[in-house]
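Here are the chains, one letter per residue:
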Amino acid sequence: MTENPTRHSRPARFRRLRALPPWSLVAAGVLTGGLLGGAYGVLKPPVYTATSYVIAVPTERSDSAAAVGFAQAYGRVATDLAVLGDAQVWAGVPVNTLRASVRTATSPDAPMVSVSATSGRPAKAADMANAVARSLAQHANATKADTHVELVQFSRAPRPTAPTSASPVVTGLVGTSAGGLLGALVLLVRPRRRPEDEAGAELRPASVPGPAVASDAHGQL
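Every chain's residues receive numbers from 1 upward, in the order its sequence appears when written. This being a predicted model, a pLDDT of at least 70 is required before a residue's local features are given, and a value of 80 or more before pairs of side-chain atoms are given or counted; all residues contribute to the totals for chains, interfaces and linings. Excluded from the side-chain calculation are hydrogens and water; included are all heavy atoms of the structure.

Notes on the environment of Tyr74
If you trace the backbone, Tyr74 turns up in helix H3 (residues 64-77). Here the alpha-carbon distance between Tyr74 and Leu151, two residues 77 residues apart in the chain, equals 9.0 Å. It only takes one pair of heavy atoms within 4.5 Å for two residues to be counted as in contact. Excluding residues within four positions of it along the chain, Tyr74 makes contact with Leu136, Ala140, Thr143, Thr147, Val149 and Leu151. Comment: elements are numbered from the N terminus, with helices defined as DSSP H or I runs of at least four residues and strands as E runs of at least two.

Shown next as structure tokens:
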């Protein structure tokens, strides 16, 4: 019957793992995480973000409080299909791309809506932000006779000059931290060295030879 070689290799691997110094696991995690994080930052394409702003202006039959409320409402509907359907024509991208790339934000104190778009090309990011802001203003102004609030484009999105994605230095630091944490966790759960392993072979009980048969035993029987 053949023996399974893994039965003998597993204890050997555990002994080698227990023999490693504690700091080596953390150091290996830090080094590996830093290399992987830095490589991710280098290989990942840069992302650019452009932001356009629209402001809600009250008419003579409204006030600033109503403008703030409508600005928050317009911020929530800026990514609806009705708004993005018109914006895709000016931006030159499909609706699904706008929905995945455009984000809006509002303020509880100011009647302003920020429309931000991200893309791998700076010009395309600016085009998408401006297109959605323009379409939102047109849809809002179509009902200004009822809302008594007009939506005006406050500032157009300029073409971004620097990427907003994380640099290789940042991703490397994140990877270093994650690798160090993982190494510390492995250090906590690794098999601990047992006292009998540290003592060595000198603490093992000596073998006792079996009883020998005297040569004259046959003569006495």
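More follows now that the structure is in view.
Quick notes on the sheet that holds strand E3 (residues 112-119)
When DSSP finds two or more bridges between two strands, those strands count as paired. Taken in spatial order, the four strands line up as E2-E3-E1-E4 in an open sheet, and their pairing is antiparallel. Strand pairing shows two members of the sheet lacking a second neighbour, strand E2 (102-106) and strand E4 (149-155), which therefore form its edges. Between one strand and the next, the sheet's axes are offset by a mean angle of 25°, whatever the strand orientation. In this sheet, E4 lies alongside strand E1 (residues 48-58) in antiparallel orientation, the contact comprising six bridges. Its bridge partner lying in E4, Val57 is registered against Glu150. Contacting E1, E2, E3 and E4, H3 runs over the sheet at an angle of about 70° to E4. Packed onto the sheet, helix H6 (residues 122-141) meets E1, E2, E3 and E4 and runs at close to 145° relative to E3. Note on definitions: angles span 0 to 180 degrees between N-to-C directions of axes, and those axes are lines fitted to C-alpha atoms, for helices only across the stretch in contact.

Notes on the pattern of salt bridges
The term salt bridge refers to a side-chain nitrogen of Lys or Arg lying within 4 Å of a carboxyl oxygen of Asp or Glu. Scanning the entire structure with this criterion turns up one salt bridge. Put simply, Lys144 and Glu150 hold a salt bridge, and the shortest N to O gap is 4.0 Å.

Considering the confidence of the model for the protein chain
This prediction gives the protein chain a mean pLDDT of 77; 60% of its residues lie at or above 70. Per-residue confidence from the prediction method is given by pLDDT, with values spanning 0 to 100. For the protein chain, per-element mean pLDDT is lowest for helix H10 (residues 217-220), which scores 50, and highest for E3, which scores 94.

Overview of H3
Here the expected span of a helix is defined as 1.5 Å times the quantity of residues minus one. For H3, spanning 14 residues, the distance from its first C-alpha to its last is 20 Å, which sits close to the expected 20 Å at 1.5 Å a residue. The buried label applies to any residue whose accessible area, calculated with a 1.4 Å probe on protein chains only, is under 20% of its type's maximum; exposed applies above 50%, and partly exposed to all values in between. Buried within H3 we find Ala67, Val68, Ala71, Tyr74 and Gly75. On an axial view of H3, the arc spanned by its buried residues comes to 125°, and they lie on one face. Of the exposed residues in H3, the ones pointing more than 90 degrees away from its buried face are Ala65 and Arg76. Looking at the buried side of H3, the elements it contacts are E1, E2, E3, H6, helix H7 (144-147) and E4. An arc is given here, and it is the one of the directions from the helix axis to the C-beta atoms.

Here we look at the nonpolar core
Residues belong to a common nonpolar core when they are buried Ala, Val, Leu, Ile, Met, Phe, Trp, Tyr or Cys residues joined through side-chain atoms within 4.5 Å. In terms of nonpolar packing, the biggest core is built from 30 residues, with Leu98, Val132, Leu136 and Leu151 touching the most fellow members. Counting only elements with at least two residues in this core, the list comes to E1, H3, helix H4 (81-91), helix H5 (95-101), E3, H6 and E4. At nine residues, the largest contribution of residues to this core is made by H6. Residues within four places of Leu151 in sequence aside, it is in contact with Val54, Ile55, Ala56, Tyr74, Leu136, Ala137, Ala140 and Asn141.

Quick notes on the packing of H4 against H6
Between H4 and H6, whose axes approach to 8 Å, the crossing angle comes to 135°. Comparing the axis directions of H4 and H6 gives the class oblique. Here H4 runs over H6; the crossing is right-handed. Contact residues: H4 offers Ala82, Val83, Leu84, Asp86, Ala87, Trp90 and Ala91, while H6 offers Lys124, Asp127, Met128, Ala131, Val132, Arg134, Ser135, Leu136, Gln138 and His139. Classes in brief: Ala, Val, Leu, Ile, Met, Phe, Trp, Tyr, Cys and Pro nonpolar; Asp, Glu, Lys and Arg charged; the others, Gly included, polar. Of the residues belonging to the contact of H4 with H6, the class tally is 10 nonpolar, three polar and four charged. Here the word oblique covers every angle except those under 35 degrees (roughly parallel), over 145 (roughly antiparallel) and from 65 to 115 (roughly perpendicular). Each crossing gets its handedness from the near helix: less than a right angle anticlockwise from the far helix is left-handed, clockwise is right-handed.

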